[in-house]
Amino acid sequence: MKRSIAGACAGLLSPLLMTGADAHPHVWVTLHSEILYAADGSMTGVRHAWKFDDMFSAYALQGIHHAKKGQYTREELASLAQLNVDSLKEYDYFTFARGDGKKLKFNGPIDYWLEYANPSLVLHFTLPLKTPAAPKALKVEVYDPTIFVDFEFAKETPVSLSGAPPQCLLTVDLPHQPTAAEQMQLSQLDATPLDASSPFAEIFANKMMVRCP
Amino acid sequence: MSSLHQKRARFKNLVAVLAALAVTFVAGAALAQGVPFGAPHPASAAMSGSGLAGWIFAEQAAFYRSLSGYIRASKDDGAAMWALFGISFLYGIFHAVGPGHGKAVISSYLVANQETWRRGVTLSFVSAGIQSVVAVIIVAIAAVLLEATAKTIGWTVHVVEIVSYGLIILIGLRLLFVKGRSFLIACRQFEWPVRQLEAAPSAAGMSPVFHRHNAGLIGCSHCETDGHGFHCDGDHDHASAWSHAHGPEPAELGGAGGWRRGLSAVMAVGLRPCSGAIIVLVFALAQDLFWTGVGATLLMGLGTALTVAVIATLAVSARQIAGRIASAQAGWGMLAMKAIEVGASALMIAFGALLLAGYMASEQLWMFTG
């Protein structure tokens, strides 16, 4: 009898537990990234171009003053671009880099601007490394651990290298279709803490890897 | 890592602890296996329904992404508008299966308050309805009338959210007070006969508790008047085990005041609009199709209401089953039910507090726009 009561308790609790961080993407970003290298062959930063989905673009553009209907100049979008990069600081720009397994830190973004190509907004920005590095194995991941933003590599030339030493080899790893076990994990998102180090987040991570032997 | 991430991690840890507790309960309990949307537990989850959550996740995302195309198309195609409404409805159903949308809070409220499933379903629909209407009102005032920016809209949603979570905590506190008092009194009543039996010769000395019982504060007061110690189960109408002078009686809840309380709870929950609805509305407005967006939002709300109602019904049924089992165990069974009610009230406060503490972790409309 006690067990049935415990069962009933669990039955009561289960629907109650379905709360927590929201695991629904509401923003979709198609990304193109360029990994930047200095003349001495060290990696200096990442240049992003993030294209937002049409609905979020319309949302972000709401109330932004513009002279011509359906057109926005870079100047008209300057304050929004500023707002974007300011807000993204809190989320580490969704960009996580490791050189030979060690975390690489970025400075705040430079050269940032927005362009509007109907129906999408594209955010351009460059993240310079705090200190340039020349790792043998570089990994840069772009993802939102909370899955509010869904990142997806652009179909054509998702990643390019700018000024990399000739022996460097780039590979790109797309977020894969979750396996059954990972889907299970997905359904437990609310109960299981997700952090950048959890292997689960890798499902959604867009990985750029550069090997420079 | 920023403080937000830490906050979020802390929040998730707490949720994980709660989940671990639930899983402990589930072990060895056949009953819980029948809860289709229940928190999955590793043992059975690996075998059953593993694809369902992922499928729902993918479907709702696909529905959402198709909305913009339908909204555009409905500009000069009436059929596309009906397709849009259909998709919005389905999106609402699927979307609400995921976390959020007040399912947890509403369920806690229903369990703590001994609500009927009918009431639960009605309140779920009212809550989802309010949620849609709030989204429409915010966008209508901020975007249509004031031509405010996304930043302002995000800020407004943010403020509404904080108010909503604050109200949830207040309602939870009120429930906890009522249910906690009722539980404590039942507790005293439950322990009393044991002491009474042990100390029977000096029964006159037991006066404080004894008198309070005789004062009719407690529904079971006839137990001690039968002269055979604590034998509630002998002549007891089990239904009356629930009726206590403290806290709302089921009958009282059925009255106008009960509805008002229920409405205040769903009002608190429903205040917080869904980010998806806000984005869809603003997008529709940008296409000069605001009213189409309003239609889509209301149908999303209807879909959400269906899902929330199912979850609420599950919670209420689980409670009723527990109640039936408990009523077979006079004494502690009733106590256990009271404990569940107290627990549910506490959960409601916990949800409110967690949401408030981690309010930025729910749906960050301001992730890019301040």
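These figures come from a predicted structure and were not determined experimentally.

Novice: Would you mind showing me how to read the overall build of chain B here?
Specialist: The helix and strand tally for chain B stands at 14 helices and zero strands. Along the chain direction, N to C, the helices and strands of chain B fall in the order α-α-α-α-α-α-α-α-α-α-α-α-α-α.

Novice: Looking at this model, I keep getting lost on the overall build of chain A. Mind explaining?
Specialist: The helix and strand inventory of chain A stands at four helices and eleven strands. For chain A, contacts bridging at least 24 residues in sequence account for 71% of all contacts bridging at least 6.

Novice: It is not clear to me how the environment of Leu 121 of chain A should be interpreted in this structure. Could you clarify?
Specialist: Residues and elements named next belong to chain A. The residue Leu 121 is located in strand 6 (residues 120-133) in this model. Residues Leu 121 and Thr 157, 36 residues apart in the sequence, show an inter-C-alpha distance of 19 Å. The residues touching Leu 121, leaving out its near neighbours within four places in the chain, are Phe 52, Ser 57, Ala 60, Leu 61, Leu 114 and Tyr 116.

Novice: Just to check I follow, could you spell out the packing of helix 2 (residues 54-61) of chain A against helix 12 (residues 275-286) of chain B for this structure?
Specialist: Between two packed helices, what matters for the description is the angle formed by their axes and the separation of those axes. Viewed as axis vectors pointing N to C, helix 2 of chain A and helix 12 of chain B meet at an angle of 80 degrees, and their least axial separation amounts to 8 Å. Relative to helix 12 of chain B, the element helix 2 of chain A lies roughly perpendicular. Between helix 2 of chain A and helix 12 of chain B, the residues in contact are Met 55, Phe 56, Ala 58 and Tyr 59 of chain A and Ile 279, Val 280, Val 282, Phe 283 and Ala 286 of chain B, respectively.

Novice: Just to check I follow, could you spell out the sheet that holds strand 7 (residues 137-142) of chain A for this structure?
Specialist: Paired through backbone hydrogen bonds, the strands of a sheet run either parallel or antiparallel to each other. All names here are of chain A. Taken together, the five strands give an open sheet; going across it, the order is 4-3-7-11-10, and neighbouring strands pair in antiparallel fashion. Each of the sheet's edge strands pairs with one partner strand only, and the pair in question is strand 4 (102-104) and strand 10 (169-173). Within this sheet the neighbouring strands show an average axis-to-axis angle of 25 degrees, counted without direction. Here strand 3 (residues 95-99) runs beside strand 7; their pairing, made up of five bridges, is antiparallel. Bridge pairing in strand 7 links Thr 95 to Val 142.

Novice: I'm lost on the pairing of strand 8 (residues 149-153) of chain A in this one. Help?
Specialist: All names here are of chain A. Where burial is concerned, the two faces of strand 8 differ: the one with Val 149, Phe 151 and Phe 153 is buried and the one with Asp 150 and Glu 152 is not. In this structure, strand 1 (residues 27-37) lies alongside strand 8, joined through five bridges in parallel fashion. Along strand 8, the bridge assignment pairs Val 27 with Val 149.

Novice: Can you help me understand the nonpolar core in this one?
Specialist: Most often, soluble globular proteins keep nonpolar side chains buried together rather than apart. Counting 128 residues, the largest nonpolar core has Val 139, Ile 278, Leu 281, Val 282 and Phe 283 of chain B as its most contacted members. Of the residues forming this core, the biggest block, 16 residues, is contributed by helix 13 (residues 290-327) of chain B. Beyond its immediate sequence surroundings of up to four residues, Val 282 of chain B is in contact with Ala 58, Tyr 59 and Gln 62 of chain A together with Val 139 and Ala 143 of chain B.

Novice: Looking at this structure, how should I read the pairing of strand 2 (residues 43-52) of chain A?
Specialist: Looking along a regular strand, one sees the side chains alternate between the two faces of the sheet. Residues and elements named next belong to chain A. Of all ten residues in strand 2, eight are buried; the element is thus mostly enclosed. Across nine bridges, the pairing between strand 1 and strand 2 is antiparallel. Its bridge partner being in strand 2, Leu 36 is matched across the sheet by Gly 45. Taking the residues between adjacent antiparallel strands as the criterion, strand 1 and strand 2 are bridged by five residues, where Gly 41 takes a positive phi near 90 degrees.

Novice: Looking at this model, I keep getting lost on unusual backbone geometry. Mind explaining?
Specialist: As a rule of thumb, non-glycine residues mostly have phi less than zero, and peptide bonds are mostly trans rather than cis. Residue and element names in this part refer to chain A. In this chain, Asn 118 is followed by Pro 119 through a cis amide linkage whose omega measures 5 degrees. For Pro 119, the location among the structural elements is in the loop between strand 5 (110-117) and strand 6. The residue Asp 100 is not glycine, and still its phi comes out positive at about 50 degrees. With respect to the helices, strands and loops of the structure, Asp 100 is situated in the loop between strand 3 and strand 4.

Novice: What am I meant to see in helix 12 of chain B here?
Specialist: Each turn of an α-helix holds 3.6 residues, which means side chains three or four residues apart point in the same direction. Residue and element names in this part refer to chain B. Between its first and last C-alpha atoms helix 12 spans 17 Å; for twelve residues at 1.5 Å apiece the expected length is 16 Å, and the two agree. If you check which residues of helix 12 are buried, you get Ser 275, Gly 276, Ala 277, Ile 278, Ile 279, Val 280, Leu 281, Val 282, Phe 283, Ala 284, Leu 285 and Ala 286. Looking at the residues trailing helix 12, positive phi occurs at Asp 288, about 60 degrees.

Novice: When you look at the confidence of the model for chain B in this model, what are you seeing that I'm missing?
Specialist: Detailed conclusions should not be drawn from predicted coordinates in areas where pLDDT is low. All names here are of chain B. Per-chain confidence: chain B averages 70 in pLDDT, with 62% of residues scoring 70 or above. For the stretch residues 7-50, pLDDT sits under 50, and the model shows 81 contacts to residues farther than four places along the chain or on other chains. Taken together, the stretch residues 199-256 has pLDDT below 50 and engages in 58 contacts with residues farther than four places along the chain or on a different chain. Both confidence scores are given for the complex: pTM 0.71, ipTM 0.76.

Novice: When you look at the environment of Asp 100 of chain A in this model, what are you seeing that I'm missing?
Specialist: Its 12 C-beta neighbours within 10 Å are what place Asp 100 of chain A among the exposed residues. When the C-alpha atoms of Asp 100 of chain A and Glu 115 of chain A are compared, they prove to be 35 Å apart, with 15 residues separating the residues in sequence.

Novice: How should I be thinking about the packing of helix 5 (residues 103-112) of chain B against helix 13 of chain B in this particular structure?
Specialist: Residues and elements named next belong to chain B. Here helix 5 crosses helix 13 at 30 degrees, and the two axes come no closer than 9 Å. Relative to helix 13, the element helix 5 is oriented roughly parallel. Like other packed secondary-structure pairs, helix 5 and helix 13 cross with a definite hand, here right-handed. Across from Lys 103, Ile 106, Ser 107, Leu 110 and Val 111 in helix 5, the residues of helix 13 making contact are Val 308, Ile 311, Ala 312, Ala 315, Val 316 and Arg 319. For the contact of helix 5 with helix 13, the residue count by class is eight nonpolar, one polar and two charged.

Novice: Is there a simple way to explain the environment of Thr 73 of chain A in this structure?
Specialist: Along the chain, the position of Thr 73 of chain A falls in the loop between helix 2 and helix 3 (78-89). In the structure, Thr 73 of chain A is positioned 43 residues away from Tyr 116 of chain A in sequence and 7.5 Å away in space, judged by C-alpha atoms.

Novice: Sorry if this is basic, but what is going on with the confidence of the model for chain A here?
Specialist: All names here are of chain A. Mean pLDDT over chain A: 81, with 75% of residues reaching 70 or higher. Taking the mean pLDDT of every element in chain A, the minimum, 47, falls on helix 1 (residues 2-16) and the maximum, 95, on strand 2. Predicted confidence for residues 7-22 stays below pLDDT 50, and this span has 77 contacts to residues more than four positions away or in other chains. Segment residues 190-197 is flagged for pLDDT under 50; beyond a separation of four residues in sequence, or across chains, it makes 26 contacts in the model.

Rules and cut-offs
Residues numbered from 1 in each chain as written. Chains lettered and ligands numbered in written order. Predicted model: local features only at pLDDT ≥ 70, side-chain atom pairs only at ≥ 80, totals over all residues. Helix = DSSP H or I, 4+ residues; strand = E, 2+ residues; numbered from the N terminus. Contact = placed C-beta atoms within 7 Å. Axes fitted to C-alpha atoms, helices over the stretch in contact; angles between N-to-C directions. Parallel < 35°, antiparallel > 145°, perpendicular 65-115°, else oblique. Pairing = 2+ DSSP bridges. Buried ≥ 20, exposed ≤ 12 C-beta atoms within 10 Å, placed from the backbone. Core = buried A, V, L, I, M, F, W, Y, C linked by C-beta atoms within 7 Å. Expected span 1.5 Å × (residues − 1). pLDDT = per-residue confidence, 0-100. Left-handed = near helix turned anticlockwise from the far one by under 90°. Nonpolar A, V, L, I, M, F, W, Y, C, P; charged D, E, K, R; others polar.

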